[in-house]
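Topology and contacts: notes
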Amino acid sequence: AIKSYETTLAIKPDYADAYYHLSHLKKYTADDPQITKMKSLLSDSKLSHSDRINLCFALAKVNENLDNQDELFKYLHEANHLRKQELNYSLDRSKTLVSSVKEMFSSPYSDIEKSLSSEPSTIHPIFIVGMPRSGSTLVEQIISSHHEVHGAGELTNLPTIIGPIATDHLNQGINKLPQKPFLSIREQYLDVLSNFNVPESVITDKTLLNFRFIGFILTVFPEAKIIHMKRDARAICWSIYKLNFRNTGNGFSYNFDDLAGFYSLYTDLMDFWHQLFPDKIYDICYEDLTTNQEVETRKLLQYCELDWDENCLSFHKNKRAVRTASALQVREKMYQGSSEAWKKYEAHLKPLIKALSAY
């Protein structure tokens, strides 16, 4: 990949996207000629908004490698500021969504859940939910190393299916959904999973922000398993702030106050789901997993009702494609300490830490 990006830049030296992706693959030294080139491109007043974002994120990574903290945060703040502008994210919209979902599930749909339990599917979904950068790619890699499991990665289908149905009923002032829309969600999503046409009967979906739709999931799929990733909030938010997510659904990522506010909404909603569906959601702590790999893996498989499979301990040998920001990490053996990385930058992260503690 590095060679391919280098070739790309030899052909098109102003290709900002290539510099961004390359920055995640290499470790820079002070004499790297690419640093001068990126700074030169950044000084061009005609540079596009998206190119400026990519170059700022890339130069932040350069300065992380060179241990220049002031320069690192100068470029990182600029990159995030520009990306927030581009996405026009509003925390208020996220607050409205969470309050609407809580209102819709003010009590469980036990009758619908019971009727759907009598029609079990041959496909058994496992949903991995939580915040980005919480260790979900690692957990999916572990589970998908099991001989009965297919790891499908981040599927966008469930929010796409649920969104119009929920919006339509809310616009009509209907807070409690009838059975028909739930049946529609179930049928549409099972069609998506069956289209994978894989021999495994258990399929994982690690679209993390599905935590917003756990009420729908457990009503529609009483047989589903939900794995909720937990990790130190400071480690999560610092790791998020360093990245330029390619999708537009993580608009909360580019501002300390948005990050802390969204994290608070997430923890509040997860508390709500735990109360509504006791013992249905499995919490796994990333730090515990990295410290006690086999113990935590055994507990995880037991919750998923899967027999023990030694392959799950050798997740780094799994050849499936990984398309998330953790693609490189999950090719390595389990390692500890990543949740402490934020401490090195504590002085620069004080506003974020203060915002997180306010909730």
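Note that the structure is predicted; figures quoted are calculated from it, not measured.

Now for the nonpolar core. Phe105, Phe216, Ile227 and Trp273 are the most contacted members of the largest nonpolar core, which has 116 residues in total. The element best represented in this core is helix 13 (residues 256-276), accounting for 12 residues. Once residues within four sequence positions are removed from consideration, isoleucine 227 is found in contact with Ile126, Phe127, Ile128, Val129, Val139, Ile143, Tyr282, Ile284, Leu300, Tyr303 and Cys304.

With that settled, consider the pattern of salt bridges. One pass over the full model with this rule turns up 17 salt bridges. Across the pair lysine 12 and aspartate 14 runs a salt bridge whose closest N-O atoms are separated by 3.2 Å. Aspartate 14 sits in the partly exposed class, given a relative accessible area of 38%.

By volume, the second largest pocket is sized at about 290 Å³. Along the walls of the second largest pocket sit 17 residues, with His124, Glu223, Lys225, Cys304 and Glu305 positioned nearest its centre. Among the elements that make up the lining of the second largest pocket, the one with the highest residue count is strand 1 (residues 124-129) (3 residues). In the lining of the second largest pocket, the residues fall into 9 nonpolar, 2 polar and 6 charged.

Here we take up the packing of aromatic side chains. In the structure shown here, the tally under the stated rule is 23 aromatic pairs. Ring centres of tyrosine 263 and tyrosine 266 lie 5.3 Å apart, and the angle between their planes is 70°; this geometry places the pair in the edge-to-face category. Note that tyrosine 263 and tyrosine 266 are positioned in helix 13 at a spacing of 3 residues, about one turn of the helix. The rings of Phe105, Tyr109, Phe182, Phe213, Phe216, Phe272, Trp273 and Phe277 are connected pair by pair, giving a single aromatic cluster. The ring centre of tyrosine 303 lies 5.1 Å from the NZ or CZ of lysine 225, which sits over that ring.

All right, on to the packing of helix 13 against helix 16 (residues 350-357) then. Taken N-terminus to C-terminus, the directions of helix 13 and helix 16 make an angle of 30°; their axes are 9 Å apart at the nearest point. By the angle class used here, helix 13 and helix 16 are roughly parallel. The two elements helix 13 and helix 16 cross, and the hand of that crossing is right-handed. Along its contact with helix 13, which presents Phe256, Asp257, Leu259, Ala260 and Tyr263, the element helix 16 presents Pro351, Leu352, Ala355 and Leu356. The residue inventory of the contact of helix 13 with helix 16, partitioned by class, reads 8 nonpolar, no polar and 1 charged.

Analysis parameters
- Residues numbered from 1 in each chain as written.
- Predicted model: local features only at pLDDT ≥ 70, side-chain atom pairs only at ≥ 80, totals over all residues.
- Heavy atoms only, no water.
- Core = buried A, V, L, I, M, F, W, Y, C linked by side-chain atoms within 4.5 Å.
- Buried < 20%, exposed > 50% of the residue type's maximum accessible area, 1.4 Å probe, protein only.
- Helix = DSSP H or I, 4+ residues; strand = E, 2+ residues; numbered from the N terminus.
- Contact = heavy atoms within 4.5 Å.
- Salt bridge = Lys/Arg side-chain N within 4 Å of Asp/Glu carboxyl O.
- 1 Å grid on protein atoms, 1.4 Å probe; cavity = no way out; pocket = protein on both sides within 12 Å on 5 of 7 lines; lining within 4 Å.
- Points joined across faces, edges and corners; volume = space filled by probe spheres on them.
- Nonpolar A, V, L, I, M, F, W, Y, C, P; charged D, E, K, R; others polar.
- Phe/Tyr/Trp six-rings, centres within 6.5 Å; stacked < 30°, edge-to-face > 60°.
- Lys NZ or Arg CZ within 6 Å of the ring centre and 35° of its normal.
- Axes fitted to C-alpha atoms, helices over the stretch in contact; angles between N-to-C directions.
- Parallel < 35°, antiparallel > 145°, perpendicular 65-115°, else oblique.
- Left-handed = near helix turned anticlockwise from the far one by under 90°.

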